[in-house]
Amino acid sequence: MRKFLSWGNDLHSGRTSIPFVGRAKLWLTIAAALGLVSIAIPLIFGFNLGIAFKGGSEFKVDNVSSSETQVAEQAVTSVLGDVGTNVVPTSDTSVDVTTEQLTDPQMQEVRDALVSAYSIDAEDVTSNFVGPEWGQDVTDKMVRALVIFLGLAMIFMAIYFRTWKMSLAAIIGLVAVMVVTVGIYSATGFEITPEAIIGFLTVLSFSLYDTVVVFDKIRENTKDFEDNVHMKFSELVNLGVNQTTVRSINTSVIAVLPIAAILFIGVFLLGAGTLTDISLSLFVGTIVAALSTLFVASPLYGLLRSREPAVRAQEAAVDERRREKNLPDRAPVLGDEVPVSAGL
């Protein structure tokens with residue numbers, strides 16, 4: 001813990017530095033590669049959509065003596081064969097069974113098979129179905145919500161920071177969070193439910209908040225950067241990211257730990273359900289959001305401004321001054337133990 005605090009102090013003072021901006025092209029290349037993979041995976045393997053999105057028939061079975069999924073799977077298969085059966089324990093005494101959409105006679109056959117397989121009363125099995133039109137309506141509303149969120153976020157960022165480049169970098173960071181999280185869901189087969197979407201939208205809000213805090217520090221550092229003869233604009237941006245790195249780590253850890261606890265309780269104690277769906281999307285998305293702010297949004301902002309005439313002139317002036325005074329041609333980086341005054 002002491003080493004972590006010392007490391008955090010060194011990052012904040014500029015005594016040492018992680019090259020977020022200095023290696024912007026590397027981080028953005030890695031992010032772009034992950035993005036392409038995350039797009040390709042759903043195109044190849046698709047998504048494990050919940051019944052709310054694809055429609056189908058659902059059976060809720062209560063008062064079972066065992067929540068093992070094989071019992072329900074075998075019961076459904078024995079009367080209808082392969083109908084895309086998915087069984088999820090929701091507690092020690094109940095399970096949810098979903099299938100592709102069935103006819104009324106088929107649903108009655110499945111109910112009878114489940115009653116017989118679990119040796120329970122007929123009242124312990126309830127059923128309903130979700131039509132594909134309703135599922136399509138849910139999907140349309142989800143897409144609409146994402147578009148509205150991104151539009152409002154872009155407008156807010158542009159007004160707050162008064163520069164479209166910072167707004168663009170923040171939005172691309174959000175897009176990176178969405179794409180990578182979606183790729184993870186597709187690759188792992190996690191079920192996408194309305195509850196997961198709610199958690200996902202919450203993650204985007206967290207990502208936006210984290211980016212705003214980091215960008216606020218960057219804006220503070222780069223204010224009147226033309227008059228700064230000690231550090232380049234890119235180094236001032238990098239310093240701002242480093243000064244908020246420990247805060248981002250601490251915030252993410254503090255957020256992830258209770259989410260992980262809820263996820264553990266949901267999976268191992270209460271069984272899968274709404275609690276698990278929300279906490280899973282929060283868990284995955286929070287980690288991705290923290291990395292996106294540090295390795296996508298912030299480096300991208302530095303890169304977007306690197307070709308501005310004022311920025312290039314200021315960095316050239318700093319380089320010239322360092323040559324005249326025989327100073328290092330860069331700010332301290334991770335591994336250096338050089339007081340920040342050595343670069344002044």
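Now for a quick tour of the structure. Remember, predicted model here, so these are calculated numbers, not experimental data.

**Quick notes on the side chain of Ser298**
Inference 1: Among the structural elements, Ser298 can be located in helix α10 (residues 274-305).
Inference 2: Apart from residues lying up to four places away in sequence, Ser298 is in contact with Val21, Val214, Phe215, Ile218, Val237, Val241 and Thr293.

**Things to note about the nonpolar core**
Inference 1: Ranked by size, the top nonpolar core spans 55 residues in total, and within it Met157, Leu174, Leu204, Phe215, Ile218 and Tyr301 carry the most contacts.
Inference 2: Going through the elements one at a time, α6 (132-161), α7 (164-188), α8 (194-222), α9 (233-269) and α10 are the ones with two or more residues in this core.
Inference 3: The element that contributes the greatest number of residues to this core is α8, accounting for 11 residues.
Inference 4: Counting 19 residues, the second-largest nonpolar core is a separate cluster that includes Ala75, Val76, Leu102 and Ala113.

**Here's the deal with helix α4 (residues 69-80)**
Count 3.6 residues to each turn of an α-helix, and residues three or four apart come out pointing the same way.
Inference 1: Given a rise of 1.5 Å per residue, 12 residues ought to cover 16 Å, and the 17 Å separating the end C-alpha atoms of α4 matches this to within 8%.
Inference 2: By the burial criterion, the buried members of α4 are Ala72, Ala75 and Val76. Seen from one end, α4 has its buried residues packed into an arc of 90°, which puts them on one side. Facing away from the buried side of α4 by over 90 degrees, the exposed positions are Gln74 and Ser78.
Inference 3: Close packing links the buried residues of α4 with β3 (86-91), β4 (94-99) and α5 (104-118).
Inference 4: The first or second residue beyond α4 is Gly81, which carries a positive phi of 75°.

**Some details on the sheet that holds strand β5 (residues 125-130)**
Adjacent strands of a sheet pair through backbone hydrogen bonds, lying either parallel or antiparallel.
Inference 1: Here 4 strands make up an open sheet; going across it, the order is β3-β4-β2-β5 and the pairing antiparallel. Whereas interior strands pair on both sides, the edge strands pair on one side only; in this sheet they are β3 and β5. Pairs of neighbouring strands in the sheet enclose a mean axial angle of 20°, with direction left out of account.
Inference 2: Examined bridge by bridge, β3 and β4 share 5 bridges and lie antiparallel to one another. Opposite Val87, over in β4, you have Val97 as the bridge partner.
Inference 3: Relative to the sheet, α4 contacts β3 and β4, its axis offset from that of β3 by approximately 140°.

**Some thoughts on the packing of aromatic side chains**
Inference 1: In this structure the tally under the stated criterion is 8 aromatic pairs.
Inference 2: Considering the side-chain rings of Phe20 and Phe295, the 5.2 Å spacing of their centres and the 65° angle between planes classify their relative orientation as edge-to-face. Of this pair, Phe20 sits in the loop between α1 (2-13) and α2 (24-45) while Phe295 sits in helix α10; the two residues are 275 residues apart in sequence, bridging distant segments of the chain.
Inference 3: A residue is classified by how much of its surface remains accessible, and Phe20, at 2% relative accessible area, is buried.
Inference 4: Since its relative accessible area comes to 25%, Phe295 is described here as partly exposed.
Inference 5: Pairing Phe156 with Tyr160 gives two aromatic rings, centres 5.7 Å apart and planes at 15°, and the pair type is stacked.

**Description of α7**
Inference 1: Relative to the 36 Å expected for 25 residues at 1.5 Å per residue, α7 spans 36 Å between its end C-alpha atoms, a close match to the ideal helical length.
Inference 2: The positive-phi residue at the C-terminal boundary of α7 is Gly189, with phi of around 80°.

**A closer look at the packing of α4 against α5**
Inference 1: Viewed as axis vectors pointing N to C, α4 and α5 meet at an angle of 135°, and their least axial separation amounts to 9 Å. In terms of their interaxial angle, α4 and α5 are classed as oblique. Handedness of the crossing formed by α4 with α5: right-handed. Across the interface between the two elements, Val71, Ala72, Ala75, Val76, Val79 and Leu80 from α4 touch Gln106, Glu109, Val110, Ala113, Leu114, Ala117 and Tyr118 from α5.
Inference 2: Here the contact of α4 with α5 is composed, by residue class, of 11 nonpolar, 1 polar and 1 charged.

**Here's the deal with the packing of α2 against α7**
Inference 1: In contact at an axis separation of 8 Å, α2 and α7 are set at 40° when each is read in the N-to-C sense. Compared by their axis directions, α2 and α7 come out oblique. Relative to α7, α2 is oriented so that their crossing is left-handed. Residue-level contacts link Gly35, Ser38, Ile39, Ile41, Pro42 and Phe45 of α2 to Val179, Val180, Val182, Gly183, Ser186 and Ala187 of α7.
Inference 2: Looking at the contact of α2 with α7, its residues break down into 8 nonpolar, 4 polar and no charged.

**What to know about the pattern of salt bridges**
Inference 1: All chains considered together, the criterion is met by 10 salt bridges.
Inference 2: Note that Asp210 and Arg247 form a salt bridge whose closest N and O atoms lie 2.3 Å from each other. Here Asp210 is found in helix α8, whereas its partner Arg247 is found in helix α9, with 37 residues between them in sequence.
Inference 3: For Asp210, a relative accessible area of 0% corresponds to the buried category.
Inference 4: The partner of Glu220 in a salt bridge is Lys217, with the nearest N and O atoms 3.3 Å apart. Here Glu220 pairs with Lys217, and both are found in helix α8, just 3 residues apart, close to one helical turn.
Inference 5: Judged by its relative accessible area of 18%, Lys217 falls in the buried class.
Inference 6: In this structure, a network of salt bridges that share partners links the residues Glu58, Lys60 and Asp96.

What counts and what doesn't
- Residues numbered from 1 in each chain as written.
- Predicted model: local features only at pLDDT ≥ 70, side-chain atom pairs only at ≥ 80, totals over all residues.
- Heavy atoms only, no water.
- Helix = DSSP H or I, 4+ residues; strand = E, 2+ residues; numbered from the N terminus.
- Contact = heavy atoms within 4.5 Å.
- Core = buried A, V, L, I, M, F, W, Y, C linked by side-chain atoms within 4.5 Å.
- Buried < 20%, exposed > 50% of the residue type's maximum accessible area, 1.4 Å probe, protein only.
- Expected span 1.5 Å × (residues − 1).
- Arc of directions from axis to C-beta.
- Pairing = 2+ DSSP bridges.
- Axes fitted to C-alpha atoms, helices over the stretch in contact; angles between N-to-C directions.
- Phe/Tyr/Trp six-rings, centres within 6.5 Å; stacked < 30°, edge-to-face > 60°.
- Parallel < 35°, antiparallel > 145°, perpendicular 65-115°, else oblique.
- Left-handed = near helix turned anticlockwise from the far one by under 90°.
- Nonpolar A, V, L, I, M, F, W, Y, C, P; charged D, E, K, R; others polar.
- Salt bridge = Lys/Arg side-chain N within 4 Å of Asp/Glu carboxyl O.

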